[in-house]
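Reading the structure
If you want the building blocks of each chain, they are given just below.
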Amino acid sequence: MNFGVKSSKINLMFVAALAVSTAFSAVGAKAAEFINVLTGGTSGVYYPLGVALAEIYGQGIKDARTQVQATKASVENLNLLQAGRGEIAFSLGDSVQEAWKGNKEAGFPAKLDKLRGIAAIYPNYIQVVASADSGVKTLADLKGKSLSVGAPASGTELNARAIFTAAGMSYKDLGKTEYLPFAESVELIKNRQLDATLQSAGLGVASIRDLATSVKINVVAIPAAEVAKIGAPYISVKIPAGTYEGQTADVETAAVGNFLITHSGVSDETVYQMTKLLFSNLPKLSAAHAAAKAIDPKKALEGMPVPLHPGAERYYKEAGLMK
C-alpha cells in the first residue's frame, strides 16, 4: 500500500476544501456593505442627524455595517469622500460648489471630480451670537472684539469670510480671531475669554442653546442688504424670536443650503437605498434634530452643485420627482 500517495491525496483534498471555504468567506465579506457617515462636531446638527441616518441604514440596507465619523464638517468631509474614505457626507452648498471648482483657498487642492449628489436637505443659518456683556449688537460692533469663526477652512469659516467681505470688513478688524469648533467657542464665552461666535448650523443648534441658558446673549443681525451682496447660494432669512432663551425678536441673517453628498465609487444600488431610506424616515430624523423638519423631497434637487448620483436619480424618477 502506497501511504505516500494516499497522504498526498488527503492533503490535496484538504487544500481544496480550505480554498473553497476561503472563497465562500471572501464572498461573505464582500457582501457586507460598509457605510461610513461623515458628519461634523458632536455639538452641531450634522452629528445627531448622522447618527440617526447610520441607524436607519444599518437596519434598512441588507448586510450593511455603518459607522458615524465626527469631523471638521463640510470641507474635510468632501476631501474624505474624494479619497474614498466615506460613503455619504453632510456639507454646505458653497463648500460643495468650491470643491467642484477645485478652489485651493477654500481647502480643495484640486477639483473633487468624484463627488456626486444625493439630496438638498435643510438650510444652515449663519448665526452670530455674542455675550450681552461684550456690547456687541451689530456686525460693526465686532471691530476690536474677539470672535470664533469655526475650524480653519471649514464650511463655517468660509461662511464667515463671505459675511465679512459683504460687510466691508476682514479678520484684521477683529481684536482676536479664534478658529474653534462650536462647543469650545461657547465654553470660552461662558468663561469671558471670548466675545462672540459665528456658527453655521440648523436653527436651535445645541451649542448656542447651551450658551443662552448660561449667559445673556445678543443674536447679531446680518442685514438682507449684506446677504444680497454675496448672492447665490446665500439667501436672506430670519431667526424666529424664541429660538434661543432671551431672544425676544426675529433676527435677520443669511442661510446656505446643506446637501448630502456621496462619490462615484459607491454602487448605484447602495445610493438608491440610502436616498429612499432618507425620505421614508423623515420623522425619525426630525426626532434626532428639529432641523430635519425642513427636509422636503420636492426640494431635494434644488441648487445641487454637483452631478446627481445615478442611484439617487433612480429614486427620484421612481418617486415621480424627475423625468
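Residues numbered from 1 in each chain as written. Predicted model: local features only at pLDDT ≥ 70, side-chain atom pairs only at ≥ 80, totals over all residues. Heavy atoms only, no water.

1. Description of empty space enclosed by the protein
Taken as a whole, this structure holds one cavity of 30 Å³ or more when the rule is applied. If you add up the space inside the largest cavity, you get close to 40 Å³. Forming the boundary of the largest cavity are Leu49, Leu53, Phe90, Ile121, Leu260, Leu278, Leu285 and Ile295. Here the residues of the lining of the largest cavity are counted per class, giving eight nonpolar, no polar and no charged. (1 Å grid on protein atoms, 1.4 Å probe; cavity = no way out; pocket = protein on both sides within 12 Å on 5 of 7 lines; lining within 4 Å. Points joined across faces, edges and corners; volume = space filled by probe spheres on them. Nonpolar A, V, L, I, M, F, W, Y, C, P; charged D, E, K, R; others polar.)

2. Points about the layout of surface pockets
Over the atoms a probe the size of a water molecule is rolled, and this reveals where empty space is left. Volume-wise, the largest pocket comes out at about 470 Å³. Lining the largest pocket we find 20 residues, and of these Ala120, Pro123, Ile235, Gly257 and Glu302 sit closest to its centre. Those elements that place two or more of their residues in the lining of the largest pocket are helix 4 (93-101), strand 4 (115-131), strand 9 (234-239) and strand 10 (251-263). Tallying contributions element by element places strand 4 first for the lining of the largest pocket, with five residues. One number sums up the size of the second largest pocket: a volume of about 380 Å³. Forming the boundary of the second largest pocket are 27 residues, of which Gly40, Gly41, Lys72, Ala73 and Phe182 lie nearest the centre. Of all elements in the fold, only helix 2 (46-60), strand 4, helix 5 (155-166), helix 6 (182-190) and strand 7 (196-201) reach the threshold of two or more residues within the lining of the second largest pocket. Tallied by class, residues from the lining of the second largest pocket come to 12 nonpolar, 14 polar and one charged. (Helix = DSSP H or I, 4+ residues; strand = E, 2+ residues; numbered from the N terminus.)

3. Points about the pairing of strand 4
In regular strands, side chains alternate between the two faces of the sheet. Counting buried positions along strand 4 yields 16 of 17 residues, so the element is predominantly enclosed. Examined bridge by bridge, strand 4 and strand 10 share nine bridges and lie antiparallel to one another. Of the residues in strand 10, the one forming a bridge with Gly117 is Ile261. In this structure, strand 4 lies alongside strand 7, joined through six bridges in antiparallel fashion. Looking across to strand 7, one finds that Tyr125 is bridged to Ala201. Where strand 4 and strand 8 (residues 217-220) come together, four bridges link them in antiparallel fashion. Note that in strand 8 the partner of Val129 across the bridge is Val219. (Buried < 20%, exposed > 50% of the residue type's maximum accessible area, 1.4 Å probe, protein only. Pairing = 2+ DSSP bridges.)

4. Things to note about the confidence of the model for the protein chain
Summing up the model confidence of the protein chain, the mean pLDDT is 90 and the portion of residues at 70 or higher is 90%. Low pLDDT, under 50, characterises residues 1-30; the stretch is placed with zero contacts to residues that sit more than four places away or in other chains. (pLDDT = per-residue confidence, 0-100. Contact = heavy atoms within 4.5 Å.)

5. Examining the nonpolar core
Within the largest apolar cluster, 78 residues are counted, with the highest numbers of intra-cluster contacts made by Tyr57, Ile88, Leu142, Met274, Phe279 and Leu285. Ranked by residue count, the leading element in this core is strand 4, at nine residues. Setting aside chain neighbours within four positions, we find Leu285 in contact with Leu49, Ala52, Leu53, Ile56, Leu278 and Ala292. Leu38, Phe108, Leu115 and Ile261 belong to the second-largest nonpolar core, a separate cluster that totals 18 residues. (Core = buried A, V, L, I, M, F, W, Y, C linked by side-chain atoms within 4.5 Å.)

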